[in-house]
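Structural description and commentary
Chain by chain, the residues:
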Amino acid sequence: MRVICVMIVLLLLGGCMDPSARPFQLKNLAKSDIDMVADAHIRQSKQLARELAIKLYKRNPRELKKVPGMTLERRLDQLFPPTRLANGFDELGYRDGREAAPLAFSEHFDGDRVFAFMASITGMLHRAYNGQKEVFLLDELNQQKLYNSARNLEALAWHLNNRRGPEGQLYLLSNGISAEGVTNYSYERILSKLISLQDMMANIIADSTNRTITKVVHSAASMTLLPI
């Protein structure tokens, strides 16, 4: 017990002596290096998803207007809440994660397609990390869930770029060339980063636990997403 106390004091003093060091947190004693890497992945994924949501609403302002009185800030609060709803979103038929994805590209859905699309992405990321915002020593991440989420993100990226309504127009605007001839692939870059983060974390977990990932041949054009 004394040894543990001494270690804690030394770590606290070390943080005080170095003004450039991040403040020491006691909870970090319950984290492995891989846990801290996972925490970083969770934070970065959330930041990228938030950036994507903002960009999609700016590119598709009509979607936000489908819900009277809705604002971008309220949408972001719904997509990135302190505690995610267990039963999905009522305006999406109580769907979330991969179950919400088909709505974004259905001709029969007259709701906010950006919200359905982002609820799908944020919900899948949430489930891939077991709904956790932090990972600790006794927590166990599943490499297959992380891998499957990466493949599902690839499918959603394809649908975002290719799925069109009966009149031939894209359901959601994203990548493209402006009237001035400027090419914009920023949406694709964000999704590619999210996919890379999930694949990287899946490989880290597989290597650290000596477990294999079952690779799946999955058509990007399919709306049947892999389970998470």
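First, a word on scope: everything that follows refers to the structure included in this document. (Residues numbered from 1 in each chain as written. Predicted model: local features only at pLDDT ≥ 70, side-chain atom pairs only at ≥ 80, totals over all residues. Heavy atoms only, no water.)

1. Some thoughts on the overall build of the protein
Helix and strand counts for the protein stand at eight helices and two strands. Element order for the protein, N to C, with α for helix and β for strand: α-α-α-α-α-α-α-β-β-α. Put simply, the protein has 228 residues, and 39% of those count as buried. Intrachain contacts of the protein at a sequence separation of at least 6 include 69% that bridge at least 24 residues. (Helix = DSSP H or I, 4+ residues; strand = E, 2+ residues; numbered from the N terminus. Buried < 20%, exposed > 50% of the residue type's maximum accessible area, 1.4 Å probe, protein only. Contact = heavy atoms within 4.5 Å.)

2. With respect to helix α8 (residues 186-209)
Over its 24 residues, α8 extends 35 Å from the first C-alpha to the last, a length consistent with the 34 Å expected when each residue adds 1.5 Å. Along α8, the residues that are buried comprise S186, Y187, I190, L191, L194, I195, L197, Q198, M201, A202, I205 and A206. Along its buried surface, α8 packs onto α2 (33-59), α6 (113-128), α7 (143-162) and β2 (183-184). Positioned one or two residues after α8, N210 has a phi angle of 60°, which is positive. (Expected span 1.5 Å × (residues − 1).)

3. Details of the side chain of Q144
Mapped onto the fold, Q144 is located in helix α7. On the basis of relative accessible area, Q144 is assigned to the buried category, the value being 18%. Of the polar contacts made by the side chain of Q144, one reaches the backbone nitrogen of T214; its length is 2.8 Å. Those residues in contact with Q144 that lie beyond four places of it in its chain are T212, I213 and T214. (Polar contact = N/O pair within 3.5 Å; in protein donor to acceptor, adjacent residues only side chain to side chain.)

4. Quick look at the nonpolar core
By size, the foremost hydrophobic cluster in this structure holds 44 residues, and its most contacted members are L52, L92, F117, M118 and I121. Where this core is concerned, the elements lending two or more residues are α2, α4 (72-79), α5 (101-104), α6, α7 and α8. At nine residues, α6 tops the list of elements feeding residues into this core. Once residues within four sequence positions are removed from consideration, I121 is found in contact with L52, L153, L156, L191 and L194. V135, M201, I205 and A206 belong to the second largest nonpolar core, which has 13 residues in total. (Core = buried A, V, L, I, M, F, W, Y, C linked by side-chain atoms within 4.5 Å.)

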